[in-house]
2 protein chains.
Amino acid sequence: MILTVTLNAALDITYRVPRLRPHSTNRITEVSERPGGKGLNVARVLAALGHRTVATGFAGGGTGDALRALLAETDVTDALVPVGGASRRTVAVVDETTGDTTQLNEPGPTVSPAEWDTFLGTYRELLGGARAVALCGSLPPGVPVDVYARLTRAARTAGVPVLLDTSGEPLRRGLAARPDLAKPNADELAALTGSTEPLRAARDARRRGAHAVAASLGPDGILAVTADGAWQAAPPWRIAGNPTGAGDSAVAGLLSGLVEELPWPDRLTRAVALSAATVRAPAAGEFDVATYEELLSRVVVTDHPAAA
Amino acid sequence: MILTVTLNAALDITYRVPRLRPHSTNRITEVSERPGGKGLNVARVLAALGHRTVATGFAGGGTGDALRALLAETDVTDALVPVGGASRRTVAVVDETTGDTTQLNEPGPTVSPAEWDTFLGTYRELLGGARAVALCGSLPPGVPVDVYARLTRAARTAGVPVLLDTSGEPLRRGLAARPDLAKPNADELAALTGSTEPLRAARDARRRGAHAVAASLGPDGILAVTADGAWQAAPPWRIAGNPTGAGDSAVAGLLSGLVEELPWPDRLTRAVALSAATVRAPAAGEFDVATYEELLSRVVVTDHPAAA
């Protein structure tokens, strides 16, 4: 199975309003809820691709119960660790006139040292059956900032390949533990390296410890810098829609490609096609199957002239 | 005891953000939750004034569990009727830079005919022990639009005085059943009667069936038109703060004054002082006790020159 870790799992709530009027009262016309947090989105896409997928991390309170009930409706196996605080909500307010989304993200529950210890035990146990692990997203309060470094080392000790998808200090610390693959987006990569030139920044990120770096560049696709070479894969045309969750689908594409031992260009093709198909879907963790299948034969992969 | 009815009870969530950026991602710095819906706010203020208070209406789902758990921390007795759908959330996003609030209100659960019947039985039973009843707020989907007319007639049959605080068609229908007191705000009164002149509109609302009308006019206080005369009560100075829940506190002031058989000017004084003290408090259903006590001797009540 593939393991995904979501330390700050969320109940993702989407509100549709005819037109968002700030500083006023808005009646919501449609409410939808989904299990959220990057790792859970990745898990749902992996499961939809046919991979046995187990999700761990923390969930608690009424919002934790709600997100677990929604997760139970998917093919993802729930191995979330109970926490005393309530899981965070994220609220996406979609303005139906402009199509714009206003996002409101709660910080998440404070995790106690005892809860953290329980999680580490669960994680180590789950690694025993894992073919790969994805460490995804932001940290809830109370979790040590070097958490992804610790989880990466534990996975490497167990011989399980690690994909790291986070930002800021947790990314910086995590890289030093030498994950197999880091998947920052352009902003995260620039914040890490100080460079807004993707190839230069990706190479810098590799030097910081990642065996390979796959940077998601929005409509420009994905740039991978690996020990075997560098490639850029891009969709054949501009995809209109909602980019929320596109990066998580890219992670699912990369990780499934790693487990299936696909060549790098094929992993990138899958990741870009899944990303684009997610832009065409209503919510993170979902993708438009027709778009995905159509793009699989149309994504353009170019060998990057500069060697890694 | 005093009975309050909240057919569309809510889990009121307040988010504080340093500055709300629409169409962007906002990290919430502080989350708070309270039991909400007008009737529950009224109930909390009544209980704080020392009245035994019972709250009924509907609650369901995870949000219903959450709001009932919060209600259990107050002195209000919970007689909410379970419903299959989930109680609505209301989200208030407070911009800490401007002080403005952006409100997002879910519609609420659809109530089935069987649930509605169960509620009617509970309501009639509770009326047996009630000294007054407040019928407050909007209706969830599935509840008949003439609900407040029905509930008013049932209360009058049981000899229990009724205060009605709603808007639109439910208000129009409810008035025809002759409640003892209606408490519209200026906008609701104008929408009902077509007149933006409060005295004229309040007299019109009386002709539509209410024995008395107390219109809340924001910073201008409250205008009451009754069988015994007409009065306007106003705070002695402009009160700065958050007006959310001020009208609900006015209802609690008016209803407690009715039960205690206070003269009209004293009821209005209490209602205005409570309203103003709520503007100074952080949330609906709460009030600043010092402001309340100070204003009790300072609210200005004037006999209205025009007879009712």
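Residues numbered from 1 in each chain as written. Chains lettered and ligands numbered in written order. Predicted model: local features only at pLDDT ≥ 70, side-chain atom pairs only at ≥ 80, totals over all residues. Heavy atoms only, no water.

Moving on, we get to the overall build of chain A. When helices and strands are tallied, chain A shows 10 helices and 15 strands. Expressed along its principal axes, the backbone C-alpha trace of chain A runs to roughly 55 × 45 × 35 Å. Looking at chain A residue by residue over its 308 residues, the buried ones come to 57%. Looking at chain A as shown, the accessible area adds up to about 12,100 Å², and 48% of this sits on carbon and sulfur atoms. Separation between the mean location of the 30 positive side-chain charges and that of the 33 negative ones in chain A comes to 5 Å. (Helix = DSSP H or I, 4+ residues; strand = E, 2+ residues; numbered from the N terminus. Buried < 20%, exposed > 50% of the residue type's maximum accessible area, 1.4 Å probe, protein only. Areas by Shrake-Rupley, 256 points an atom, 1.4 Å probe, with all protein chains shown as cover. Lys, Arg positive; Asp, Glu negative; His and termini not counted. Charge placed at Lys NZ, Arg CZ, Asp CG, Glu CD.)

Relative to chain A, chain B is turned by 180 degrees and slid 0.0 Å along the rotation axis, the superposed coordinates differing by an RMSD of 0.0 Å. What the superposition gives is, in effect, a two-fold axis relating one chain to the other. When each C-alpha of chain B is compared by its distance to the rotation axis, G62(B) comes out closest, at 3.0 Å. The overlap is high: 100% of the interface residues of chain B also sit at the interface in chain A, so the same surface is used on both sides. (Least-squares fit on C-alpha atoms with pLDDT ≥ 70 in both. Contact = heavy atoms within 4.5 Å.)

Listed by partner, the interface residues are 27 residues for chain B and 27 residues for chain A. Around 2,200 Å² of area is buried between chain B and chain A when both sides are counted, 58% of it from carbon and sulfur atoms. Looking only at chain B, the three residues that lose the most surface to chain A are H23(B), R89(B) and L104(B), adding up to 27% of its buried area. Where chain B touches chain A, the interface holds two salt bridges. Note that R89(A) is salt-bridged to E33(B), the shortest N-O span being 2.4 Å. The interface formed by chain B and chain A holds 14 residue pairs in polar contact (both at pLDDT 80 or more) in total. (Buried area = accessible area lost by both parts, 1.4 Å probe. Salt bridge = Lys/Arg side-chain N within 4 Å of Asp/Glu carboxyl O. Polar contact = N/O pair within 3.5 Å; in protein donor to acceptor, adjacent residues only side chain to side chain.)

Helix length check: helix α9 (residues 264–279) of chain A (16 residues) gives 23 Å between terminal C-alpha atoms against 22 Å at 1.5 Å per residue, within 8%. The buried fraction of α9(A) amounts to 14 of the 16 residues, a majority that puts the element mostly inside the structure. (Expected span 1.5 Å × (residues − 1).)

Turning our eyes to something else, we now look at the pattern of salt bridges. Close approach of charged atoms allows side chains of opposite charge to pair. Scanning all chains against the criterion turns up 29 salt bridges over all chains. In this structure, R89(A) and E106(A) form a salt bridge, with 2.7 Å as the shortest nitrogen-oxygen distance. On the criterion of sequence distance, the pair formed by R89(A) in strand β7 (residues 88–95) and E106(A) in the loop between β8 (101–105) and α3 (113–127) is long-range, its members being 17 residues apart. Judged by its relative accessible area of 3%, R89(A) is buried. A salt bridge links E169(B) to R172(B); the nearest nitrogen and oxygen atoms lie 3.4 Å apart. Here the residue E169(B) and the residue R172(B) both occupy positions in helix α5 (residues 168–176), the gap between them amounting to three residues, near one helical turn. Residue class for R172(B) comes out partly exposed when judged on its relative accessible area of 35%. Linked through salt bridges whose partners overlap, the residues forming this network are E33(A), R89(B) and E106(B).

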